[in-house]
Amino acid sequence: MKNEAVAVKPIRTLEDALNRCQSLGMRLSRQRRFILELLWQAHEHLSAREIYDRLNQQGKAIGHTSVYQNLEALSDRGIIECVERSEGRLYGNISDSHSHIHCRDTDRIVDVYVELPKDLIEKLEQQTGVKITDYRIDFYGTEIAPAPVPALGAALGAAISAPAAPRAAEPAPPPKSPGANGSAGRHPSGTQVPDPTCVSP
Ligand SMILES: [Zn+2]
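Note that this is a predicted model, so its numbers are computed, not measured.

(A) Quick look at the overall build of the protein. Along its length, the protein carries six helices and five strands. Counting from the amino terminus, helix and strand elements in the protein follow one another as α-α-α-α-β-β-β-β-α-β-α. Counting the 201 residues in the protein, one finds 18% classified as buried. Nonlocal contacts in the protein, meaning residues at least 24 apart in sequence, comprise 63% of its contacts between residues at least 6 apart.

(B) Structural context of the nonpolar core. Within the largest apolar cluster, 19 residues are counted, with the highest numbers of intra-cluster contacts made by I35, L39, I51, V67, I79 and Y91. Elements with a minimum of two residues in this core: helix 1 (14–23), helix 2 (30–42), helix 3 (48–57) and helix 4 (64–76). The contact partners of I51, leaving out residues within four places of it in the chain, are I35, L38, L46, V67 and Y91.

(C) Geometry of unusual backbone geometry. The phi torsion at H43 lies on the positive side, around 50°, for a residue other than glycine. Even without being a glycine, D107 presents a positive backbone phi close to 70°. Structurally, the position occupied by D107 is in the loop between strand 3 (99–103) and strand 4 (109–112). For D107, a count of 11 C-beta atoms within 10 Å translates into the label exposed.

(D) Region of interest: the packing of helix 3 against helix 4. For the pair helix 3 and helix 4, interaxial distance at closest approach is 10 Å and the crossing angle is 125°. Classified by the interaxial angle, the pair formed by helix 3 and helix 4 is oblique. As for the relative orientation of helix 3 and helix 4, their crossing is right-handed in sense. Taking contact as the criterion, the partners of A48, I51 and Y52 in helix 3 are, on helix 4, H64, V67, Y68 and L71. Tallied by class, residues from the contact of helix 3 with helix 4 come to six nonpolar, one polar and no charged.

(E) How the structure looks around the sheet that holds strand 3. Spatially, 4-3-5 is the arrangement adopted by the three strands of the open sheet, whose pairing is mixed. The two strands at the open ends of the sheet, each matched to only one other strand, are strand 4 and strand 5 (138–141). Direction aside, neighbouring strands of the sheet carry axes that sit 20° apart on average.

(F) Local environment of the pairing of strand 4. When strand 3 meets strand 4, the two strands line up antiparallel, connected through four bridges. Within strand 4, the position partnered with H102 by the bridge is I109. Adjacent in sequence and paired antiparallel, strand 3 and strand 4 are bridged by five residues, among which D107 carries a positive phi angle near 70°.

(G) Local environment of the environment of V67. When you line up the elements, V67 lands in helix 4. Considering only alpha carbons, one finds V67 and I35, 32 residues apart in sequence, at a separation of 7.6 Å.

(H) Focus on the packing of helix 2 against helix 4. Running from N to C, helix 2 and helix 4 point in directions that differ by 70°, and their axes come no closer than 10 Å. By the angle between their axes, helix 2 is roughly perpendicular relative to helix 4. Between helix 2 and helix 4, the residues in contact are Q31, R32 and I35 and S66, V67, N70, L71 and L74, respectively. The residue inventory of the contact of helix 2 with helix 4, partitioned by class, reads four nonpolar, three polar and one charged.

(I) Representation of helix 5 (residues 118–128). Burial of helix 5 is sparse: only zero of the eleven residues sit out of reach of the surface. Just beyond helix 5, the residue with positive phi is G129, at close to 75°.

(J) Main features of the confidence of the model for the protein. Across the protein, the average pLDDT comes to 79, with 69% of residues at or above 70. Across residues 161–172 the pLDDT falls below 50, and counting only partners more than four positions away or on other chains, this stretch makes five contacts in the model. Here residues 175–201 is modelled with pLDDT under 50, and outside its nearest four sequence neighbours on either side it reaches 40 contacts, counting other chains as well.

What counts as what
- Residues numbered from 1 in each chain as written.
- Predicted model: local features only at pLDDT ≥ 70, side-chain atom pairs only at ≥ 80, totals over all residues.
- Helix = DSSP H or I, 4+ residues; strand = E, 2+ residues; numbered from the N terminus.
- Buried ≥ 20, exposed ≤ 12 C-beta atoms within 10 Å, placed from the backbone.
- Contact = placed C-beta atoms within 7 Å.
- Core = buried A, V, L, I, M, F, W, Y, C linked by C-beta atoms within 7 Å.
- Axes fitted to C-alpha atoms, helices over the stretch in contact; angles between N-to-C directions.
- Parallel < 35°, antiparallel > 145°, perpendicular 65-115°, else oblique.
- Left-handed = near helix turned anticlockwise from the far one by under 90°.
- Nonpolar A, V, L, I, M, F, W, Y, C, P; charged D, E, K, R; others polar.
- Pairing = 2+ DSSP bridges.
- pLDDT = per-residue confidence, 0-100.

This is how it looks when you write it as structure tokens:
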């Protein structure tokens, strides 16, 4: 079977992203570096406007046009992620296949790697006659208060496994309503992490 996706090594760190630019013959201008550094530090999906604002707040002078052009170039070449939303595009640091958890309360999108059970994939293939080679899942939900802050960064490398990994000295969030513990739609067996190296502080 053809599998073109395997040909390119996934980008898992800022260095990978910089190297990919170079191997693609893209010039690594200061502005381009700023944008990549910001996305890899933030681990968020940001609009061009937010990227512009944050860089300028950090004292990294960069023009609007330059931000837009660089984001376009980087997402066109598959070095960063571009999420189309009705309000506009958002950009993220992870470019390989991953799933999203959309929080309806805060509008944030959290990156997660989810691996579906093999038998489920096979069932879908049998039903549809399509060989599944890739997938991305969009989860939607609401905030479980209080929001676990470290989850944002950790979620990058941590699979959706152990949704409520018990941590010492941390009380479990109180169940609010039926299904409110967030585990209702999850597959407990989807627990694989492609590569833990992308967890960075
Ligand atoms: Zn993403």
